[in-house]
Amino acid sequence: MIGLIPPATLAAVVAFWAFAPASVTGYGWTLTILSTVISAWILALEWLFERHEGWRLNRQELMTDVFYVVLMTTVIGWAANTFADSPLHTLKVSLGLATPGLAKLPFLLQVFLVFFLVEFGQYWMHRAMHNWTPLWLTHAPHHHITQLNALKGYVGNPIELWLISLSVIALFDFDTTAILCAASVGQVVSGFAHANVRADPPWFYAFFLTTIRNHSLHHSVGYEETRCNYANSMILIDRVFGTYREGEGVLVGQDERRRLSIREQFLFPFVPVLDAWKRRRGGGAPSATQALGN
């Protein structure tokens with residue numbers, strides 16, 4: 001029965017956006033309020049149905065996670081809108097691109113299309129991050145987390161968080177409520193895919209959508225072990241492109257499972273440059289790598 005909780009939560013969220021009155025779905029704070037409720041629900045499930053004792057949430061982990069949630073919904077959200085979504089929309093208007101027919105499609109079909117477009121882009125961005133060193137340096141801090149919890153999907157270097165938030169949705173004329181619903185669907189699936197919840201969903205969910213089993217394997221110790229199951233929420237994409245791997249991880253992290261502080265996560269992509277600069281100076285100061293390791 002516990003395995004039915006993720007699909008039931010997903011169905012409840014979709015039903016909310018589909019049937020709530022326009023005065024509710026159109027309210028500016030509805031997505032934020034619902035996102036908070038979803039996060040609180042999955043965190044409560046971690047307490048009720050713990051999957052691994054070693055992933056049990058403590059105060060330090062929770063405060064770090066909350067910091068990144070706030071960062072993602074404020075600074076990163078602003079940066080994504082300012083430097084990606086708004087310019088894309090301006091380009092769309094200047095080119096006279098219009099897809100008014102999309103908003104007339106059935107609501108669930110619109111939700112699926114938005115969800116798929118976002119997931120497809122994230123899959124290739126995520127895959128590139130595991131196959132090109134400059135991008136890996138931005139993404140590696142996310143893989144230095146040493147336990148999985150409901151809010152861990154928000155944790156990472158700000159550059160990576162901005163890159164992973166990019167999408168082409170601004171080029172299309174989907175109904176706004178469908179876009180918001182797709183965002184909530186992504187949060188539910190990604191939340192459970194990172195959560196310490198003893199819930200293994202049935203096949204009709206797990207074949208198409210990412211679960212904690214898929215994603216914990218992606219977070220396994222060792223760089224090569226991470227090069228699978230790239231889809232944030234739609235594991236079907238991995239199945240199609242041959243990057244799916246069956247299994248589950250328990251020990252997660254990188255570099256002998258050393259947990260990074262927020263400062264270390266922010267500086268991580270620049271460590272090679274800082275080390276090279278210090279070597280050129282020939283000083284006796286410790287390298288950035290050594291400094292971060294202390």
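Located above this text is the structure these notes cover.
Report follows, based on the coordinates. (Residues numbered from 1 in each chain as written. Predicted model: local features only at pLDDT ≥ 70, side-chain atom pairs only at ≥ 80, totals over all residues. Heavy atoms only, no water.)

**As for the overall build of the protein**
We count it as follows: Helix and strand definitions here come from DSSP, where helices need a minimum of 4 consecutive H or I residues and strands a minimum of 2 consecutive E residues; each element is numbered from the N-terminal end. Only the C-alpha atoms count toward the radius of gyration. The rule for a globule is 2.2 Å times the residue count to the power 0.38. Buried means the residue's accessible area, taken with a 1.4 Å probe over protein chains only, is under 20% of the maximum for its type, while exposed means over 50%, and partly exposed covers the values in between. By definition, residues are in contact when any of their heavy atoms lie within 4.5 Å.
Across its full length, the protein carries 14 helices and 0 strands. When the helices and strands of the protein are listed from N to C terminus, the series reads α-α-α-α-α-α-α-α-α-α-α-α-α-α. Taking 2.2 N^0.38 as the reference for a compact globule, 294 residues should give roughly 19 Å; the C-alpha atoms of the protein span a radius of gyration of 20 Å, in line with that estimate. Each principal axis of the C-alpha distribution contributes one length, and for the protein these read about 65 × 50 × 35 Å. Among the 294 residues that make up the protein, the fraction classed as buried is 46%. Looking at the protein alone, contacts between residues at least 24 apart form 76% of all its contacts between residues at least 6 apart.

**A few points about a nonpolar patch on the surface**
Put simply, the rule reads: Patch definition: residues with relative accessible area over 30% and no salt bridge; like charges joined within 9 Å; nonpolar side chains (Val, Leu, Ile, Met, Phe, Trp, Tyr) joined within 5 Å. Here the open area of atoms and residues is found with the Shrake-Rupley method and a 1.4 Å probe, where only the protein chains shown may cover a residue. Any Lys or Arg side-chain nitrogen found within 4 Å of a carboxyl oxygen on Asp or Glu counts as a salt bridge.
Residues Met1, Leu4, Trp203, Phe204, Phe207 and Phe208 make up a contiguous nonpolar surface patch of about 740 Å² in total accessible area. Inspection of the secondary structure assignment puts Phe204 in helix H9 (residues 203–206). Taking the relative accessible area as the measure of exposure, Phe204 reaches 44% and is therefore partly exposed.

**What about the environment of Leu137?**
Counting through the fold element by element, Leu137 comes out in helix H6 (residues 133–143). For the pair Leu137 and Val271, spaced 134 residues apart in sequence, the C-alpha to C-alpha distance is 8.9 Å. When neighbours within four sequence positions are excluded, Leu137 is seen to be in contact with Phe268, Pro269 and Pro272.

**Looking at the side chain of Thr146**
Within the secondary structure, Thr146 sits in the loop between H6 and helix H7 (158–164). When neighbours within four sequence positions are excluded, Thr146 is seen to be in contact with Trp55, Val252, Arg257, Arg258 and Arg259.

**Remarks on the pattern of salt bridges**
When their charged atoms lie close together, side chains carrying opposite charge are able to pair. The tally for this structure, following the rule as stated, stands at 11 salt bridges. Taking the shortest distance from any N to any O, the salt bridge between Asp200 and Arg51 comes out at 2.7 Å. A residue pair is termed long-range when its members are at least 10 positions apart, and Asp200 in the loop between helix H8 (176–194) and H9 and Arg51 in the loop between helix H3 (30–48) and helix H4 (59–94) qualify at 149 residues. With a relative accessible area of 14%, Arg51 lands in the buried category. The shortest N-O distance in the salt bridge between Glu61 and Arg259 comes to 2.7 Å. Of this pair, Glu61 sits in helix H4 while Arg259 sits in the loop between helix H11 (236–241) and helix H12 (262–267), and the two are 198 residues apart along the sequence. The class for Arg259 is partly exposed, based on a relative accessible area of 27%. Among the charged side chains, a salt-bridge network with shared partners connects Arg51, Asp200, Arg213, Glu246 and Glu248.

**A look at the packing of helix H5 (residues 107–129) against H8**
Going by this rule: For helices, the axis comes from a line fit to the C-alpha atoms of the stretch in contact; other axes are also lines fit to C-alpha atoms, and the angle between any two N-to-C directions lies between 0 and 180 degrees. Any angle between 65 and 115 degrees counts as roughly perpendicular, while under 35 counts as roughly parallel, over 145 as roughly antiparallel, and the rest as oblique. Two helices crossing with the near one rotated counterclockwise from the far one by less than a right angle form a left-handed crossing, whereas a clockwise rotation gives a right-handed crossing. Residues were grouped as follows: Ala, Val, Leu, Ile, Met, Phe, Trp, Tyr, Cys and Pro as nonpolar; Asp, Glu, Lys and Arg as charged; and all remaining residues, including Gly, as polar.
At their nearest, the axes of H5 and H8 sit 8 Å apart, and the two run at 60 degrees to each other. Judged on the interaxial angle alone, H8 and H5 are oblique. Crossing handedness for the pair H5 and H8: right-handed. Taken together, the residues of H8 that come into contact with H5 (itself represented by Phe107, Gln110, Val111, Val114 and Phe115) are Thr177, Ala178, Ile179, Cys181, Ala182, Val185 and Gly186. In the contact of H5 with H8, the residues fall into 9 nonpolar, 3 polar and no charged.

All quantities given are derived from atomic positions and should not be read as evidence of function.
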